[in-house]
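Chain by chain, the residues run as shown.
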Amino acid sequence: MTALGPLHFDPMVAIGPFGFGATWKTIEKMAGEPDFFDVDDVMKERRETRDKLVLYYRGPLGATRQVNRLRCITLHRGADVLFNGIDLMNDRAVVNKLSDLDKPLYPENPYMVFRELGLILGGFGRIKIKEKKLIMAYAKDARRDYEEFAAKPF
Amino acid sequence: MRSEPSQGAYDSSMLCPSRLVTRGSLLVLLASCDPDVTVNPTGGGSTGAISPAPIGGSPVGGAPITGGAATEGGANPVGGMGGGGDPQGGGGEAPLPCSEMVAAPAPFEQLFGFTSSEDFVFDQYGNYVGIDSNGNLVRTTKDGFTSLWIPSIGSGSMAGMVALPDGSVVICDVGNGSLQRAYPNGVVQTILGGLQYPNGIDMGPDGYIYVAENGDDQVRRVHPDNGQWTIAAEGMIGPNGVAFSDDPLVFYVGSCPGLHMSKKDHAKTGSHGSQGTPGKLYRDAQEKLLSKKKWADAIAMDVKDVSKKFPGKYKKSLREMIDYARSQDLITDAQKRKLKGMCK
């Protein structure tokens, strides 16, 4: 496993070399092979694990055909991703600091949305999630899917 | 198997069109013969079948539940219910006999802002009571003012609610497999736990609560104060919804066939709550398909998921589920053949 980081987050554009909208082939050319990948015919997506990140190549939720474009990246514990000097996964004050930039939606839900930043923070509020903490960064054209996802608490 | 984050051994929701009716909105029927029977705008029945089950006979009336006065001589464990009460607004007009109702389809008005409550009731003041999108128990007045009753009640995953005459409501908490009773003063009491997917609830004329236990194919009769219970009916197929008829000795149970799985296997399915965020994404994706009436694609998700994880084990059940979907005109013959071809 290749350790990644620090990577810089550009809202709804990229995390480090992983640009939203790119195909997995393009990403592979730039960043090399992932640590692990699988293709899920149920969710119609390709998932790549790269250190503490998981990259999702897919179409809209509920798509019936696979679309090989990077749509979402999830950050897991230990991920080294920075935005405006904020260590997204490891800064204890991340919610407050991001809130200074963008008012979160659904702060009482398990997943809160920073709409203008294209970020969902899971497990950072009062209600915990199974993964304990997780951040989802998504492409601009995926906003609706993920905002709806966060709006429903369960 | 679009399931809530439950530990239920059984999930029938995918093939239950009634689940789809009130998602995101509330359909107000302007003419119906029985408020417990939902007219389903998707064209299918609200449940797969309805099974009458007698009460007062041996399945229910045998052993006393509490042994106390509550079960005897008409004494009522919640007091004064008499004929089952009318939680929907103070003893108004009796429902029309179905033979007198207007020709289908009944007209309806759609109200918005009801996003998460699979079931709801009206309290003694005529307020809507339901679960909001944050898992809170809320009240909404007739003029649309919503107030918080109880924050984050239970697991937030509810599948049935009944109002009791004392102003409390009892809720089927699917996520915790329990019955939660919420009192007007904000106190929440777990009446009974260990239920397998409680899915539909009503109060009988005897003052007891009757809960459809979808995962165990049975209906329990539960004392609303102390939670003591007996089996009121069993051997049903996916009970999903209970309602008393005008005959106090008969209640009806909706049957919503689905896929029977062991609890352990169910926890491994893509839609199960234990899958965490991927499970929620799975449910969201499937819900989007259902909302677009792409039934075959929604079913295909489960067929592929189950076939891949448990090859051979649930092939027969999956095929039965597909046959049922065809019988409800949810899928075409061609889709049926294709789906059956996916069953491994």
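Scoring rules and cut-offs
Residues numbered from 1 in each chain as written. Chains lettered and ligands numbered in written order. Predicted model: local features only at pLDDT ≥ 70, side-chain atom pairs only at ≥ 80, totals over all residues. Helix = DSSP H or I, 4+ residues; strand = E, 2+ residues; numbered from the N terminus. Buried ≥ 20, exposed ≤ 12 C-beta atoms within 10 Å, placed from the backbone. Contact = placed C-beta atoms within 7 Å. Nonpolar A, V, L, I, M, F, W, Y, C, P; charged D, E, K, R; others polar. Axes fitted to C-alpha atoms, helices over the stretch in contact; angles between N-to-C directions. Parallel < 35°, antiparallel > 145°, perpendicular 65-115°, else oblique. Left-handed = near helix turned anticlockwise from the far one by under 90°. Pairing = 2+ DSSP bridges. Expected span 1.5 Å × (residues − 1). pLDDT = per-residue confidence, 0-100. Core = buried A, V, L, I, M, F, W, Y, C linked by C-beta atoms within 7 Å. Arc of directions from axis to C-beta.

S.K.: Go over the overall build of chain B with me, naming the residues and quoting the values.
M.R.: Across its full length, chain B carries 7 helices and 19 strands. Buried residues in chain B amount to 44% of all 344 residues. Sequence separation of at least 24 residues holds for 58% of the intrachain contacts in chain B that already meet a minimum separation of 6.

S.K.: I'd like a rundown of the overall build of chain A, residues and numbers included.
M.R.: What chain A contains, in helices and strands, is 3 helices and 12 strands. Residue burial in chain A is summarised as follows: out of 154 residues, 40% are buried.

S.K.: Before we move on, can you summarise the interface of chain A and chain B with the specific residues and values?
M.R.: A common way to report how large an interface is uses the accessible area buried once the components associate. Counting from both sides, the interface comprises 18 residues of chain A and, opposite them, 23 residues of chain B. In the side of chain A that touches chain B, the residues fall into 9 nonpolar, 4 polar and 5 charged.

S.K.: With reference to specific residues and values, describe the packing of helix H4 (residues 277-291) of chain B against helix H5 (residues 295-309) of chain B.
M.R.: All names here are of chain B. Where H4 contacts H5, the axes come no closer than 7 Å and their chain directions differ by 155°. Comparing their axes, H5 and H4 come out roughly antiparallel. The chirality of how H4 crosses H5 is left-handed. Along its contact with H4, which presents Gln286, Leu289 and Leu290, the element H5 presents Asp297, Ala298 and Met301. When its residues are assigned to classes, the contact of H4 with H5 shows 4 nonpolar, 1 polar and 1 charged.

S.K.: Let's hear about the sheet that holds strand S5 (residues 121-122) of chain B: which residues, and what values?
M.R.: All names here are of chain B. A sheet is described by the order of its strands in space; here 4 strands give the open sequence S5-S6-S7-S8, paired in antiparallel fashion. Unpaired on one side and paired on the other, S5 and strand S8 (146-150) mark the two borders of the sheet. Where strand S6 (residues 128-131) meets strand S7 (residues 137-140), 4 bridges bridge the pair, whose relative direction is antiparallel. In the strand pairing of S7, glycine 130 is matched with valine 138.

S.K.: Break down H4 of chain B for me, with residues and values.
M.R.: Residues and elements named next belong to chain B. Over its 15 residues, H4 extends 21 Å from the first C-alpha to the last, a length consistent with the 21 Å expected when each residue adds 1.5 Å. Listed as buried for H4 are Lys280, Leu281, Tyr282, Arg283, Ala285, Gln286, Leu289 and Leu290. At the C-terminal side of H4, lysine 293 shows a positive phi close to 60°.

S.K.: So what's going on with unusual backbone geometry? Residues and values would help.
M.R.: Glycine aside, residues mostly have negative phi angles, and peptide bonds mostly take the trans form. Residue and element names in this part refer to chain A. Backbone geometry at lysine 44 places phi at a positive 55°, although glycine is not the residue there. Position of lysine 44 relative to the elements: it lies in the loop between strand S4 (36-40) and strand S5 (45-50). For lysine 44, a count of 21 C-beta atoms within 10 Å translates into the label buried. A positive phi angle, close to 70°, is found at lysine 132, a residue other than glycine.

S.K.: Could you give me a rundown of the sheet that holds strand S13 (residues 198-203) of chain B, with the residues and numbers involved?
M.R.: Residues and elements named next belong to chain B. Strand order in this open sheet of 4 strands is S13-S14-S15-S16, and the pairing throughout is antiparallel. The open sheet has two free edges, formed respectively by S13 and strand S16 (229-234), since each of these has just one partner strand. When the angles between neighbouring strand axes are averaged without regard to direction, this sheet yields 25°.

S.K.: If you had to explain the pairing of strand S18 (residues 250-255) of chain B to someone new, which residues and values would you point to?
M.R.: Residues and elements named next belong to chain B. For strand S17 (residues 239-244) and S18, the ladder comprises 4 bridges, and the chain directions are antiparallel. Following the sheet pairing, valine 242 is matched in S18 by valine 253. Between the end of S17 and the start of S18, which pair antiparallel, lie 5 residues.

S.K.: An account of the environment of isoleucine 135 of chain A is requested, with residue identities and associated values reported.
M.R.: Residue and element names in this part refer to chain A. Within the element layout of this structure, isoleucine 135 appears in strand S12 (residues 134-138). Note: C-alpha distance between isoleucine 135 and leucine 119 (16 residues apart in sequence) is 6.9 Å. Setting aside chain neighbours within four positions, we find isoleucine 135 in contact with Thr74, Leu75, Leu88, Met89, Leu119, Ile120 and Leu121.

S.K.: Could you give me a rundown of the confidence of the model for chain B, with the residues and numbers involved?
M.R.: Residue and element names in this part refer to chain B. Looking at chain B as a whole, its pLDDT mean stands at 72, while 66% of the residues score no less than 70. Low pLDDT (under 50) marks residues 1-52, which in the prediction has 164 contacts with non-local residues, meaning those over four places away or in another chain. Counting contacts from residues 54-93, a segment whose pLDDT is below 50, to residues more than four positions away or on other chains yields 68 contacts. Under the prediction, the complex receives an ipTM of 0.92, its pTM being 0.56.

S.K.: Any chance you could break down the nonpolar core for me, citing the residues and the numbers?
M.R.: Ile73, Ile120 and Ile135 of chain A together with Ile299 of chain B are the most contacted members of the largest nonpolar core, which totals 62 residues. If you tally residues by element for this core, the top one is H5 of chain B, at 8 residues. If we skip the residues at most four places from it in the chain, isoleucine 73 of chain A touches Ile15, Phe18, Leu53, Val54, Leu55 and Ala137 of chain A. Counting residues in hydrophobic clusters, the runner-up holds 40 residues, among them Ile209, Ala212, Phe244 and Val253 of chain B.

S.K.: Describe in detail the environment of valine 253 of chain B, supporting the description with residues and values.
M.R.: Positionally, valine 253 of chain B belongs in strand S18. The spatial distance from the C-alpha of valine 253 of chain B to the C-alpha of alanine 243 of chain B is 6.6 Å, given a sequence separation of 10 residues.

S.K.: For the packing of helix H6 (residues 315-327) of chain B against helix H7 (residues 333-342) of chain B, give the residues involved together with the corresponding values.
M.R.: All names here are of chain B. Here H6 crosses H7 at 170°, and the two axes come no closer than 10 Å. As summarised for this structure, H6 and H7 are arranged roughly antiparallel, according to the angle between their axes. In this structure, H6 uses Arg319, Ile322 and Arg326 to contact H7, whose residues at the interface are Lys336, Leu339 and Lys340. Taken together, the residues that form the contact of H6 with H7 break down as 2 nonpolar, no polar and 4 charged.

S.K.: I'd like a description of helix H3 (residues 143-151) of chain A, backed by residues and values.
M.R.: Taken together, the buried positions of H3 of chain A are occupied by Asp145, Tyr146, Phe149 and Ala150 of chain A. The arc that holds the buried residues of H3 of chain A, viewed along the axis, is 125°, so those residues lie on one side. Packing partners of the buried residues in H3 of chain A comprise strand S10 (111-114), strand S11 (119-122) and S12 of chain A together with H4 of chain B.

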